[in-house]
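Working through the structure, step by step
Take a look at the letters that make up each chain.
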Amino acid sequence: MDNGPVTHVVVLATRPESHDQVLSHMSEATAQLAESIPALRCVEVYASDDRRNIAIVSEWDSRAAWAHAQWENAMQDATVRAHSEAEWVHGRLYRRVAVHERA
């Protein structure tokens, strides 16, 4: 298996009335992760217009680096918080297959 860069996508389902609070907490947590974990190349946080979903997209140096980071205290804290504040959480690891950009 290729050990190149991977992308982790996490989707959190939220209730509209708690969306802003969960979004704030996840934004703070991901900013801390970006500062403290060298193998985390970048992290982006997205929110749906209906205030029912938050997506966190992170790019990692490798699958092994992502797996190792799961043991970091800051990562575990963010994961616990996501699962306790969201209605449900779904995460998946992806490898890039193609990039298409305009010239």
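Above this note sits the structure.
These remarks concern the structure in this document.

How each quantity is defined
Residues numbered from 1 in each chain as written. Predicted model: local features only at pLDDT ≥ 70, side-chain atom pairs only at ≥ 80, totals over all residues. Heavy atoms only, no water. Helix = DSSP H or I, 4+ residues; strand = E, 2+ residues; numbered from the N terminus. Contact = heavy atoms within 4.5 Å. Core = buried A, V, L, I, M, F, W, Y, C linked by side-chain atoms within 4.5 Å. Buried < 20%, exposed > 50% of the residue type's maximum accessible area, 1.4 Å probe, protein only. Expected span 1.5 Å × (residues − 1). Arc of directions from axis to C-beta. Polar contact = N/O pair within 3.5 Å; in protein donor to acceptor, adjacent residues only side chain to side chain. Pairing = 2+ DSSP bridges. Axes fitted to C-alpha atoms, helices over the stretch in contact; angles between N-to-C directions. Salt bridge = Lys/Arg side-chain N within 4 Å of Asp/Glu carboxyl O.

Points about the side chain of H25
Of note, H25 is situated in helix α1 (residues 16-36). When sequence neighbours within four positions are dropped, the list of residues in contact with H25 reads R81 and E85.

Observations concerning the nonpolar core
The biggest cluster of nonpolar side chains holds 13 residues, and the ones touching the most others in it are L33, I37, W60 and M75. Elements supplying a minimum of two residues to this core: α1, α2 (63-69) and α3 (73-85). Counting residues per element, this core draws most heavily on α2, which supplies 3 residues. Sequence-distant contacts of M75, defined by excluding residues within four places in its chain, comprise L33, I37, W60, A69 and Q70. Of all hydrophobic cores here, the second largest spans 8 residues; its members include V10, L12, M26 and I56.

What to know about α3
With 13 residues, α3 extends 18 Å between its outermost C-alpha atoms, agreeing within 8% with the 18 Å of an ideal straight helix rising 1.5 Å per residue. Within α3, burial applies to M75, A78, A82 and E85. Along the long axis of α3, the arc covered by the buried residues comes to 115°, so they all point the same way. For α3, the exposed residues set more than 90 degrees away from the buried face come down to N73, D77, V80, H83 and S84.

Some words on the side chain of H19
For H19, the location among the structural elements is in helix α1. In terms of polar contacts, H19 uses its side chain to reach the side chain of T14, at 3.0 Å. Discounting residues that sit within four places of it in the chain, H19 has contacts with T14, A47, R51, R52, N53 and I54.

Quick notes on the sheet that holds strand β1 (residues 6-13)
The strand order β2-β3-β1-β4 describes an open sheet built from 4 strands, whose pairing is antiparallel. At either end of the open sheet lies a strand with only one pairing partner, and these are β2 (40-47) and β4 (88-95). Neighbour-to-neighbour, the strand axes of this sheet turn through a mean angle of 15°, independent of strand direction. When β2 meets strand β3 (residues 53-60), the two strands line up antiparallel, connected through 7 bridges. Directly across from E44, in β3, lies its bridge partner V57. Strand contacts of α1: β1, β2 and β3, with the helix running at about 170° to β2, the strand carrying the most contacts.

A short note on the pattern of salt bridges
The full count for this structure, using the stated rule, is 5 salt bridges. Taking the shortest distance from any N to any O, the salt bridge between R51 and D20 comes out at 3.0 Å. Of this pair, R51 sits in the loop between β2 and β3 while D20 sits in helix α1, and the two are 31 residues apart along the sequence. The exposure class assigned to D20 is partly exposed, which follows from its relative accessible area of 47%.

None of the figures reported here should be taken as evidence of function without further support.
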